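Remarks on the overall topology
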Amino acid sequence: MEIKINSIETIGEAAREFIKHIGQHRVFAFYGTMGAGKTTFIKAICEQLGVTDVITSPTFAIVNEYSLPLTSAEGGVGALYHFDFYRIKKLEEVYDMGYEEYFYSGALCFIEWPELIEELLPADAVSVTITEQADGSRLVSF
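Read on for an overview of the structure. (Residues numbered from 1 in each chain as written. Predicted model: local features only at pLDDT ≥ 70, side-chain atom pairs only at ≥ 80, totals over all residues. Heavy atoms only, no water.)

Topic: helix H2 (residues 38-48)
All of the buried residues along H2 are Lys38, Phe41, Ile42, Ala44, Ile45 and Cys46. Taken from the residues just after H2, Gly50 is the one with a positive phi, measuring 100 degrees. (Buried < 20%, exposed > 50% of the residue type's maximum accessible area, 1.4 Å probe, protein only. Helix = DSSP H or I, 4+ residues; strand = E, 2+ residues; numbered from the N terminus.)

What to know about the pattern of salt bridges
Pairing between side chains of opposite charge can happen when their charged atoms approach one another. For the structure shown, the criterion picks out 3 salt bridges. Glu17 is paired through a salt bridge with Lys20; the nearest N and O atoms lie 3.4 Å apart. With Glu17 and Lys20 both in helix H1 (residues 11-20) and 3 residues apart, the pair spans about one turn of that helix. Judged by relative accessible area, which is 63%, Lys20 ranks as exposed. Linking Arg138 and Glu132 is a salt bridge whose minimum nitrogen-to-oxygen distance equals 3.5 Å. (Salt bridge = Lys/Arg side-chain N within 4 Å of Asp/Glu carboxyl O.)

So, the environment of Ala36
By the element assignment, Ala36 lies in the loop between strand E2 (27-31) and H2. Residue class for Ala36 comes out buried when judged on its relative accessible area of 1%. Taking the C-alpha atoms as reference, Ala36 lies 9.5 Å from Gln133; in sequence the two are 97 residues apart. Excluding its chain neighbours within four sequence positions, the residues that come into contact with Ala36 are Ile130 and Arg138. (Contact = heavy atoms within 4.5 Å.)

Side note on the nonpolar core
Core analysis: the biggest nonpolar cluster contains 26 residues, and Phe18, Phe28, Phe30, Phe41 and Phe110 have the highest contact counts within it. Counting residues per element, the ones that place at least two in this core are strand E1 (2-5), H1, E2, H2, strand E3 (63-69), strand E5 (108-112) and strand E6 (126-132). Tallying contributions element by element places H2 first for this core, with 5 residues. If you look at the next biggest cluster of nonpolar residues, it comprises 22 residues, including Ala29, Phe103, Ile111 and Ala125. (Core = buried A, V, L, I, M, F, W, Y, C linked by side-chain atoms within 4.5 Å.)

A word on the side chain of His82
Tracing the chain through its elements places His82 in strand E4 (residues 77-84). The exposure class of His82 is buried, given its relative accessible area of 0%. Within the structure, His82 has its side chain in polar contact with the side chain of Glu112 (distance 2.6 Å). Apart from the residues within four sequence positions on either side, His82 is in contact with Thr39, Ile42, Thr56, Pro58, Ile62, Val63, Asn64, Tyr66, Phe110 and Glu112. (Polar contact = N/O pair within 3.5 Å; in protein donor to acceptor, adjacent residues only side chain to side chain.)

A closer look at the environment of Ile42
Tracing the backbone shows Ile42 in helix H2. A residue is classified by how much of its surface remains accessible, and Ile42, at 0% relative accessible area, is buried. Those residues within four positions of Ile42 in sequence are excluded, and the remaining contacts are Phe30, His82, Phe110 and Glu112.

Some points on the packing of aromatic side chains
Throughout the structure, instances matching the rule amount to 13 aromatic pairs. Taken together, a centroid distance of 6.0 Å and an interplanar angle of 45 degrees make the contact between Phe18 and Phe30 tilted. Of this pair, Phe18 sits in helix H1 while Phe30 sits in strand E2, placing them 12 residues apart in sequence. In this structure Phe18 comes out as buried when scored by relative accessible area, which is 1%. Taking 5.7 Å as the distance between ring centres and 85 degrees as the angle between the ring planes, the aromatic pair formed by Phe30 and Phe110 counts as edge-to-face. Of the two residues, Phe30 sits in strand E2 while Phe110 sits in strand E5, which places them 80 residues apart along the sequence. On the basis of relative accessible area, Phe30 is assigned to the buried category, the value being 0%. (Phe/Tyr/Trp six-rings, centres within 6.5 Å; stacked < 30°, edge-to-face > 60°.)

Next up, the structure:
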C-alpha cells in the first residue's frame, strides 16, 4: 500500500488513510532518512486517533506513552507507545527498558529507527517506509 503526502496541509488526510489499514496490527516500524517525516507523520496519526496529549519526539526519552480514547465496548482508555531508538548504542539498553512489555502488550507501538533494534521486532511488525520525493512530497509505503 502507498499513501502520498503532498504537503503538510494534507498530512491529516494521509494519516486517516493509514489508520484505515491498521487492522489488527499493533507494531509499526517506521523507516526513513533523517528529515523524511517519520515523527511528523506519527504525530498526525496520533492526532487522528484522538490523542489529546502534547505529542513530541521521544528522542531523549526513547519512549512516549499516550492515552487513546476507546469506546466503552473497547474498555475505556488504551495506550499508544511511540519509540525513537536513534540514540540507542547497545541492544542491552532496549532489554533494560523492558521492550517486550511494550511490543507484546497489545497496544499500538510506533517505532522510529527500527533498523537499530531489528532483531527484537516482533515477526508481525509492519514495515512502513517514508521517502521524500523530488517534488518535496512524501511517499508512505507499507
